[in-house]
Amino acid sequence: MSGMKATIEKAAEMLSLGYTDQEIVRILRVPPSMAEDLIQSAEQWNDITYTPYTEKEVDGMADYYGEE
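Residues numbered from 1 in each chain as written. Predicted model: local features only at pLDDT ≥ 70, side-chain atom pairs only at ≥ 80, totals over all residues. Heavy atoms only, no water.

Student: Could you clarify how one ought to interpret the overall build of the protein chain in this entry?
Tutor: Check the secondary structure of the protein chain and you find four helices and zero strands. Mapped from its N terminus to its C terminus, the protein chain presents α and β elements in the order α-α-α-α. Looking at the protein chain as a whole, 18% of its 68 residues qualify as buried. Across the protein chain, every contact between residues at least 6 apart in sequence was considered, and the portion connecting residues at least 24 apart equals 53%. Carbon and sulfur atoms provide 52% of the accessible area of the protein chain, an area that totals close to 5700 Å². (Helix = DSSP H or I, 4+ residues; strand = E, 2+ residues; numbered from the N terminus. Buried < 20%, exposed > 50% of the residue type's maximum accessible area, 1.4 Å probe, protein only. Contact = heavy atoms within 4.5 Å. Areas by Shrake-Rupley, 256 points an atom, 1.4 Å probe, with all protein chains shown as cover.)

Student: I'm lost on the packing of helix α1 (residues 2–16) against helix α2 (residues 21–28) in this one. Help?
Tutor: Between two packed helices, what matters for the description is the angle formed by their axes and the separation of those axes. Across the interface, α1 lies against α2 with an axial gap of 10 Å and an inter-helix angle of 140°. With respect to their mutual orientation, α1 and α2 come out oblique. Considering how the two elements wind past one another, α1 and α2 form a crossing that is right-handed. Between α1, through T7, K10, A11, M14 and L15, and α2, the contact on the second element is made entirely by D21, I24, I27 and L28. (Axes fitted to C-alpha atoms, helices over the stretch in contact; angles between N-to-C directions. Parallel < 35°, antiparallel > 145°, perpendicular 65-115°, else oblique. Left-handed = near helix turned anticlockwise from the far one by under 90°.)

Student: Even after reading the chapter, I still don't get the pattern of salt bridges, so can you show me in this structure?
Tutor: One side chain can pair with another of opposite charge once the charged atoms of both are near each other. Applying the stated criterion across every chain yields a total of one salt bridge. K5 is paired through a salt bridge with E9; the nearest N and O atoms lie 3.8 Å apart. Placement of the pair is K5 and E9 together in helix α1, with a separation of four residues, close to one helical turn. (Salt bridge = Lys/Arg side-chain N within 4 Å of Asp/Glu carboxyl O.)

Right, here's the structure in full:
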C-alpha cells in the first residue's frame, strides 16, 4: 500500500502544479483500469492536505515581493 500512497502523493503534487489527468496517467504509467481511482484519490489528498494562506501571510508575501 505504501507504493500506492506514494503514487497518490505524486499525482496530487502534479495536479497542484497544473498537470492534466491524462498527463499524470501517462507520466506515471498508470494502467487505464486504475486511472480514475488514482486521480480521484489525488484530488481527495489535495483537499485534505491543502492549507490556505491567511490574509496576514498573503500580506507578508506581498510586502516581501514588493507588490502593492
